[in-house]
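Listed here are the chains, written in short residue letters.
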Amino acid sequence: MNEQETLVWVKDLLPGEPQVSSRQVGESFPSFEVAEVFLVDDATPDRPETVAMTLNASQIEPALETEDGSDLRVELLTITTGHSSTAAELVTAAATMIAENPGARSPQPGTFLPQLGPSVDSSITAKHGLLVVPFVWEEGVPHAHEVTSGGKRSAQTATSDIEFTHPGRLTVPAQLIMLTDAEYDLALREGLGAVQTAMAEQAVNLNDLWRVPAEL
């Protein structure tokens with residue numbers, strides 16, 4: 001999908017009309033289009049949140065495939081407390097980090113992005129990024145599947161301008177959450193299940209990037 005097609009898809013996924021901006025971490029780095037939605041729940045007006053999702057991180061080629069051989073691409077989503085540009089800056093920084101070495105930092109659940117937070121805002125206490133299966137849609141993880149006729153592009157084909165064909169390309173979102181030092185250390189020591197259990201027991205607000213770090 002191109003960026004306009006991705007925007008049409010993303011609009012159906014986000015909980016409001018998005019604002020779209022082009023962002024990059026620096027002049028020598030790639031630019032990413034990001035859709036943002038600023039939320040205020042009538043039931044909790046004192047707890048606004050921001051949702052941000054990339055529109056062209058799927059242009060990164062991570063060499064991932066689905067079971068049926070489709071080319072797998074990923075857009076990045078995150079949610080933060082408050083209304084600011086932090087969420088958009090985080091997914092931009094995450095996409096940039098992945099683009100630098102998609103082989104080492106594959107855009108799939110379980111990938112850590114250490115020290116991502118301070119690259120955006122030095123006051124963030126949840127410093128370390130982690131990609132997870134999105135948990136914001138009750139009906140499951142959405143996807144966009146593109147196919148054309150004629151057979152899949154051969155991996156051995158040297159020509160780069162051949163149209164990608166069946167079984168096509170599958171684009172899915174990955175959710176970026178942020179971990180404190182203690183949460184990150186626990187995840188490295190005992191695995192993601194351990195940190196998820198500990199955070200659930202302490203009712204940690206994952207969207208609060210400036211939360212007081214707890215002992216785990």
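Residues numbered from 1 in each chain as written. Predicted model: local features only at pLDDT ≥ 70, side-chain atom pairs only at ≥ 80, totals over all residues. Heavy atoms only, no water.

Caption draft 1: Here's a closer look at the pairing of strand 7 (residues 128-132). Burial within strand 7 is extensive, with 5 of its 5 residues counted as buried. Of the two faces of strand 7, both are covered, the one formed by His128, Leu130 and Val132 as well as the one formed by Gly129 and Leu131. Pairing of strand 6 (residues 112-113) with strand 7 involves 2 bridges; the strand directions are antiparallel. Following the sheet pairing, Phe112 is matched in strand 7 by Leu130. (Buried < 20%, exposed > 50% of the residue type's maximum accessible area, 1.4 Å probe, protein only. Helix = DSSP H or I, 4+ residues; strand = E, 2+ residues; numbered from the N terminus. Pairing = 2+ DSSP bridges.)

Caption draft 2: Inspection of the environment of Gln202 at higher detail. With respect to the secondary-structure elements, Gln202 resides in the segment after helix 4 (192-201). When the C-alpha positions of Gln202 and Ala214 are compared, they lie 8.7 Å apart, and in sequence the two are 12 residues distant.

Caption draft 3: Looking closely at the pattern of salt bridges. For the structure shown, the criterion picks out 8 salt bridges. With a closest N to O distance of 3.4 Å, Asp71 and Arg169 form a salt bridge. Here Asp71, found in strand 5 (residues 71-81), pairs with Arg169, found in strand 9 (residues 169-179); they are 98 residues apart in sequence, far enough to count as distant. Across the pair Lys127 and Asp181 runs a salt bridge, and its minimum N-O distance is 3.4 Å. (Salt bridge = Lys/Arg side-chain N within 4 Å of Asp/Glu carboxyl O.)

Caption draft 4: Seen up close, the side chain of Thr96. Among the structural elements, Thr96 can be located in helix 2 (residues 86-100). For Thr96, a relative accessible area of 4% puts it in the buried group. Here the side chain of Thr96 touches Thr92 through a polar contact of 2.8 Å, landing on its backbone oxygen. Once you skip the residues sitting within four places of it in the chain, Thr96 turns out to touch Val25, Phe29, Pro30 and Phe32. (Polar contact = N/O pair within 3.5 Å; in protein donor to acceptor, adjacent residues only side chain to side chain. Contact = heavy atoms within 4.5 Å.)

Caption draft 5: Inspection of the packing of aromatic side chains at higher detail. With the rule as written, the count across this model stands at 1 aromatic pair. When the centroid spacing of 5.4 Å and the interplanar angle of 75° are considered together, the rings of Phe112 and Tyr184 count as edge-to-face. Remark: Tyr184 occurs in helix 3 (residues 181-190) and Phe112 occurs in strand 6; sequence separation between them is 72 residues. (Phe/Tyr/Trp six-rings, centres within 6.5 Å; stacked < 30°, edge-to-face > 60°.)

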